[in-house]
Amino acid sequence: MKRLILVAAQTAALALSACASTTESNTGRTATEQLLLARAADRAAEGLILPIAQGSRIFVDDVYFRVDSGAYAVSAIRSALSDAGYRLSTDRNQADAVFEIRAGALSLEQMRRVVGLPEMRVPINENLNVVSLPELSVYSRRDRIGVAEFSGFLYDARTGAPLGAVSPMIGRYRIRSHKALMIVGWGQQSANPGERDPGSSWKEF
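Bear in mind that the values here come from a model prediction, so they are computed numbers and not experimental data.

Reading the values: rules and limits
- Residues numbered from 1 in each chain as written.
- Predicted model: local features only at pLDDT ≥ 70, side-chain atom pairs only at ≥ 80, totals over all residues.
- Heavy atoms only, no water.
- Salt bridge = Lys/Arg side-chain N within 4 Å of Asp/Glu carboxyl O.
- Helix = DSSP H or I, 4+ residues; strand = E, 2+ residues; numbered from the N terminus.
- Buried < 20%, exposed > 50% of the residue type's maximum accessible area, 1.4 Å probe, protein only.
- Expected span 1.5 Å × (residues − 1).
- Pairing = 2+ DSSP bridges.
- Right-handed = clockwise from strand over helix to strand, strands pointing away.
- Patch = residues over 30% accessible without salt bridge, like charges linked within 9 Å, V, L, I, M, F, W, Y side chains within 5 Å.
- Areas by Shrake-Rupley, 256 points an atom, 1.4 Å probe, with all protein chains shown as cover.
- Axes fitted to C-alpha atoms, helices over the stretch in contact; angles between N-to-C directions.
- Parallel < 35°, antiparallel > 145°, perpendicular 65-115°, else oblique.
- Left-handed = near helix turned anticlockwise from the far one by under 90°.
- Contact = heavy atoms within 4.5 Å.
- Nonpolar A, V, L, I, M, F, W, Y, C, P; charged D, E, K, R; others polar.

### Description of the pattern of salt bridges
- Overall, the coordinates contain 9 salt bridges when judged by the stated rule.
- Note that Arg-92 is salt-bridged to Asp-61, the shortest N-O span being 3.5 Å. Taken together, the residues Arg-92 in the loop between β2 (87-88) and β3 (97-117) and Asp-61 in strand β1 (residues 57-61) connect sequence positions 31 residues apart.
- A residue is classified by how much of its surface remains accessible, and Arg-92, at 32% relative accessible area, is partly exposed.
- Classification of Asp-61 by relative accessible area gives buried; the value is 9%.
- Ionic contacts of the salt-bridge type, sharing partners, join the residues Arg-113, Arg-141, Asp-143, Arg-174 and Arg-176 into one network.

### Focus on helix α2 (residues 31-45)
- End to end, α2 covers 21 Å across 15 residues, agreeing with the expected 21 Å (1.5 Å per residue, within 8%).
- Listed in full, the buried residues belonging to α2 are Thr-32, Leu-36, Leu-37, Ala-38, Arg-39, Ala-40, Ala-41, Ala-44 and Ala-45.
- Within two residues after α2, Gly-47 carries a phi angle of roughly 75°, on the positive side.

### Examining the pairing of β1
- Counting buried positions over the 5 residues of β1 gives 4, a clear majority of the element.
- Here β1 pairs with β2 via 2 bridges, running parallel. Across the sheet, residue Ile-58 finds its bridge partner in β2, namely Leu-88.
- Once you follow β1 into helix α3 (residues 70-83) and on to β2, the crossover reads as right-handed.

### Let's talk about a nonpolar patch on the surface
- Together, Leu-117, Met-120, Val-122, Ile-124, Val-131, Leu-133, Leu-136, Met-182, Ile-183, Val-184 and Trp-186 line one region of the surface with nonpolar side chains, adding up to about 990 Å² of accessible area.
- Looking at the nonpolar patch, the elements that each hand over two or more residues are β4 (120-123), β5 (130-133) and β8 (184-187).
- Within the secondary structure, Ile-183 is located in the loop between β7 (162-180) and β8.

### Notes on the packing of α2 against α3
- One way to put it is that α2 packs onto α3 with a least axis distance of 9 Å and a crossing angle of 30°. Here α3 runs roughly parallel to α2, going by the angle between their axes. The way α2 lies across α3 gives a crossing that is right-handed. Counting all contacts with α2, which are made through Ala-38, Ala-41, Asp-42 and Ala-45, the residues of α3 involved are Tyr-72, Ala-73, Ala-76, Ile-77 and Ala-80.
- Here the residues of the contact of α2 with α3 sort into 8 nonpolar, no polar and 1 charged.

### Quick word on the side chain of Ser-151
- Tracing the backbone shows Ser-151 in strand β6 (residues 136-156).
- Judged by its relative accessible area of 11%, Ser-151 falls in the buried class.
- Setting aside its immediate chain neighbours within four residues, Ser-151 contacts Glu-100, Ile-101, Arg-102, Val-166, Ser-167, Pro-168 and Met-169.

See below:
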């Protein structure tokens, strides 16, 4: 009986001391970085107009559009063309014109201003071993900016004759945060996903 009680007590102790763990997957960019790029791309493509009559069938050629998050940016351009009244074609042979697009930039910039001593890496010996010194600041400000620049040109789908060019489309999206005495923070810390009213998720054309 004593042995039975001992085994039961050990089993209970093991059950009480059990722990759980979760697994997280990490992508190449944080959610905030992805949103900064997406919103910059949306702003760059907003209001896009081509030098051709509305209602024309347009084939968007993205073969030279090779940047990170490029698929989202291409879709933003296609959406802007659709909003402007053009018809999108998936076959260049059935299109009136080909719009060849290229990306000048689709990336992130970061700027940090510090009142005090910024974080530094100081060499400590002749072998160039370094030690990191933490930031000692009274005030610091951090800007994270998504930057997008697209351009392109238009030509006749059958003859290849030039129809016009689109000047660079530029979009930026910035978030700014502040910190005092390395403790007190305020301002926008991250880019939040847009809120959607479930009752108005569709837009009619």
